[in-house]
Amino acid sequence: LFTSPFYYIEYGIAQLGALQLWLKAQKDISAAVGNYRRALELGGSYPLPDLFKAAKIKFDFSARTVRPLVKAVEKELKTLEEA
């Protein structure tokens, strides 16, 4: 943690993107996968905000973006607990 602090931040950024794609896949899996593949095709040739934009997700850590993701995860966990 102390020698490579940004390494752990990358996990949070990746999770932000993964959860947004997961929510989009629940509505339209074909579109979500297509958007994801479009971003992957760019590889590391663009900065992260541009890769998120290519995937049609937000590179935004505000409550406006994170709150719906947390609510969706909480709902999914509750569903799994009840199963």
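Just above, that's the structure.
Residues numbered from 1 in each chain as written. Predicted model: local features only at pLDDT ≥ 70, side-chain atom pairs only at ≥ 80, totals over all residues. Heavy atoms only, no water.

(A) A look at the overall build of the chain. Along the chain, the regular secondary structure elements total four helices and zero strands. Each helix (α) and strand (β) of the chain, taken in turn from the N terminus, gives the series α-α-α-α. Projected onto its principal axes, the C-alpha coordinates of the chain cover approximately 40 × 40 × 25 Å. For the chain, restricting intrachain contacts to residue pairs at least 6 apart in sequence, the fraction spanning at least 24 positions comes to 58%. Accessible surface computed for the chain: about 6500 Å², of which carbon and sulfur atoms make up 61%. (Helix = DSSP H or I, 4+ residues; strand = E, 2+ residues; numbered from the N terminus. Contact = heavy atoms within 4.5 Å. Areas by Shrake-Rupley, 256 points an atom, 1.4 Å probe, with all protein chains shown as cover.)

(B) Seen up close, a nonpolar patch on the surface. On the surface, a nonpolar cluster with roughly 370 Å² of combined accessible area is contributed by Y7, Y8 and Y11. For Y8, the location among the structural elements is in helix α1 (residues 5-27). (Patch = residues over 30% accessible without salt bridge, like charges linked within 9 Å, V, L, I, M, F, W, Y side chains within 5 Å. Salt bridge = Lys/Arg side-chain N within 4 Å of Asp/Glu carboxyl O.)

(C) Seen up close, α1. In this model, α1 (23 residues) spans 35 Å end to end at C-alpha, consistent with the 33 Å of a helix rising 1.5 Å per residue. Those residues of α1 that are buried lie in contact with α2 (29-42), α3 (48-54) and α4 (63-82). (Expected span 1.5 Å × (residues − 1).)

(D) Seen up close, the pattern of salt bridges. For the structure on display, the rule yields one salt bridge. Notably, a salt bridge pairs D60 with R64, separated by 3.3 Å at the nearest N-O pair.

(E) Local environment of the packing of aromatic side chains. Scanning the model with the defined rule gives five aromatic pairs in all. Ring plane angle 85° and centroid distance 5.5 Å describe the contact between Y7 and Y8, whose orientation is recorded as edge-to-face. Overall, the relative accessible area of 44% leaves Y7 in the partly exposed class. The exposure class assigned to Y8 is partly exposed, which follows from its relative accessible area of 45%. Aromatic pair Y8 and Y11: ring centres 6.5 Å apart, planes at 40°, arrangement tilted. Of the two residues, Y8 and Y11 both sit in helix α1, three residues apart, roughly one turn of that helix. In textbook terms, an aromatic cluster arises when at least three aromatic residues are bridged by ring pairs, as seen for Y7, Y8 and Y11. (Phe/Tyr/Trp six-rings, centres within 6.5 Å; stacked < 30°, edge-to-face > 60°. Buried < 20%, exposed > 50% of the residue type's maximum accessible area, 1.4 Å probe, protein only.)

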